[in-house]
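# Descriptive analysis of the structure
Next come the chains, spelled out residue by residue.
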Amino acid sequence: MAVEINPDDWAALDPWWSAHTQAWPATRHADSVSTLDPARVADCWSELDPWWQAYADSEPHVRGAASSRTLFVEQLVDAWTDLDSWWNAYTEIGHETAVDIRELLRESNEAWRQSSAPFDTDPLAAAVTDDEGPLLPSNEEGWSDWLAKVLRPSGALVAELFDVPVNGAPDDILREDQLAKDDGGFRRPDLLLFHADWGISIEVKLGDEHYEKTDETARLAEREYNGYEWHHMLLLPERKRERLSTIVAPAVSSRYDGRLQVEWDDPGPIAVVLWRDVTAAIRTLLCRGDAVNDHWAANAYLFCAAVEQQIMRFQPQPIIEQMADPATIVDTVQPITVAGVLDEQYEYLSTRQHS
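Reading the values: rules and limits
- Every residue gets a number counted from 1 within its own chain, in the order that chain's sequence is written.
- Per-residue local features of the predicted model are confined to residues with pLDDT of at least 70, and side-chain atom pairs are confined, for both listing and counting, to 80 or more; whole-chain, interface and lining totals are unaffected and use all residues.
- As a convention, hydrogens and water are excluded, and side-chain values are obtained from all of the structure's heavy atoms.
- Runs of E in the DSSP output that reach at least two residues are strands. Runs of H or I that reach at least four are helices, and both are numbered from the N terminus.
- Each residue is assigned to one of three classes by its accessible area relative to the maximum for its type, calculated with a 1.4 Å probe on protein chains only: buried under 20%, partly exposed between the two thresholds, exposed over 50%.
- The contact criterion used is simple: two residues touch if any of their non-hydrogen atoms lie within 4.5 Å.
- In this description, accessible areas are obtained by the Shrake-Rupley approach with a 1.4 Å probe, and a residue is regarded as covered only by the protein chains that are shown.
- Given the number of residues in a helix, its expected span is that number minus one, multiplied by 1.5 Å.
- In protein, a polar contact means a hydrogen-donor-capable atom and an acceptor-capable atom, both N or O and within 3.5 Å, with residues adjacent in sequence counting only if both atoms are side-chain atoms; elsewhere, any N or O pair within 3.5 Å suffices.
- Take a side-chain nitrogen of Lys or Arg and a carboxyl oxygen of Asp or Glu: if they are within 4 Å of each other, that pair is a salt bridge.
- Two strands form a pair only when DSSP identifies at least two bridges running between them.

### Looking at the overall build of the protein
When helices and strands are tallied, the protein shows 14 helices and 11 strands. Relative to its full complement of 355 residues, the protein shows a buried share of 42%. Of all intrachain contacts in the protein linking residues separated by at least 6 positions in sequence, the fraction that spans at least 24 positions is 68%. Carbon together with sulfur atoms contributes 51% to the accessible area of the protein, which is approximately 19,000 Å² in total.

In structure tokens form, the structure reads like this:
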């Protein structure tokens, strides 16, 4: 079948396409899911019955390789209003949280403006993309390199993040050091930090769930570099927290400060650090004016914004504003697709506001 197209017709489609492309964040993740609260839609299912009955009773209009049916308008004239409560309950999921996050971000921008930070807005105030921001890492190695650059000059960040009483910046930081195994192979720790008396090993994880190698890498680090009091860290995204106990064999317990730790016998417990702990520590240092220098502050600020948006999957303020005050059907539906992340973002920002 041919349809006559007038070139002027395309202009009419532009607002739709623009609304669609502007409403979605820079990155999408295949494992994003949304869940409807059964309690909120319990009374709505019965209202779908007229629709289903009308569909089932309708006669086939065309039969071919792919079956299709035609619903007759007169069969559904009373059914449209029955969908309203179901649709309202559906669209409220995520939207209400977006409204709350919008207010938190507006308050946070004002708090940053009044703080000792060299920046007047929250790190989530603008979207961080390859087009408008720094060149974003594409793998764990890239994120580890950037983390090393943020940690290297700042003893304050090391102390705040890892709860280790260090004085001054690390004496040295090694990336992917080669640690010999007894069988002739090697382990390569992502980060090794050295102070006068302290050693800190950090295994950096994003999607990789091979956590079982962490204890061996820590043991090899202690053997290779003896004479230090060692602290070992496993850095994970928040979404991997629940999976951890199902992957590693030792028990996972809570420390005195609320963080998790894996109870390996040798080399001993290994603390679990979340990426949100990293960004929270950077936010704390910047807001109290504890920056090494302007260059470090700019790098740490961008790193914080990139981690929050790319790893933690938080939505930047321009997207939150669209979700909170939707102008198109795309804006209306989008909060539903990221409802779980919005809940995490609200809890994270709310905690920061009251800390």
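### Quick word on helix α6 (residues 140-151)
For α6, with 12 residues, the first-to-last C-alpha span of 16 Å sits near the 16 Å given by 1.5 Å per residue. Listing the buried residues of α6 in full gives Glu 140, Trp 143, Ser 144, Trp 146, Leu 147, Ala 148, Val 150 and Leu 151. Among the residues of α6, the N-terminal cap falls to Asn 139, whose side-chain oxygen and the backbone nitrogen of Glu 141 are separated by 3.3 Å.

### Some points on the pattern of salt bridges
Taken as a whole and judged by the stated rule, the model has 20 salt bridges. For the salt bridge of Arg 187 with Glu 216, the shortest nitrogen-to-oxygen distance reads 2.9 Å. Within this pair, whereas Arg 187 is found in strand β5 (residues 186-187), its partner Glu 216 is found in helix α8 (residues 214-224), the two being separated by 29 residues in sequence. Put simply, Glu 347 and Arg 276 hold a salt bridge, and the shortest N to O gap is 2.7 Å. Note that Glu 347 is positioned in helix α14 (residues 339-353) and Arg 276 in helix α10 (residues 275-287), a separation of 71 residues in sequence. Judged by relative accessible area, which is 37%, Glu 347 ranks as partly exposed.

### Describing the pairing of strand β11 (residues 270-274)
With 5 of 5 residues buried, β11 lies mostly within the body of the structure. Burial along β11 is two-sided: Ile 270, Val 272 and Leu 274 and Ala 271 and Val 273, pointing in opposite directions, are all buried. Where strand β8 (residues 229-236) meets β11, 4 bridges bridge the pair, whose relative direction is parallel. Paired with Leu 236 across the two strands is Leu 274, which belongs to β11. Here strand β10 (residues 260-262) pairs with β11 via 2 bridges, running antiparallel. Bridged to Gln 261 within β11 is Ala 271.

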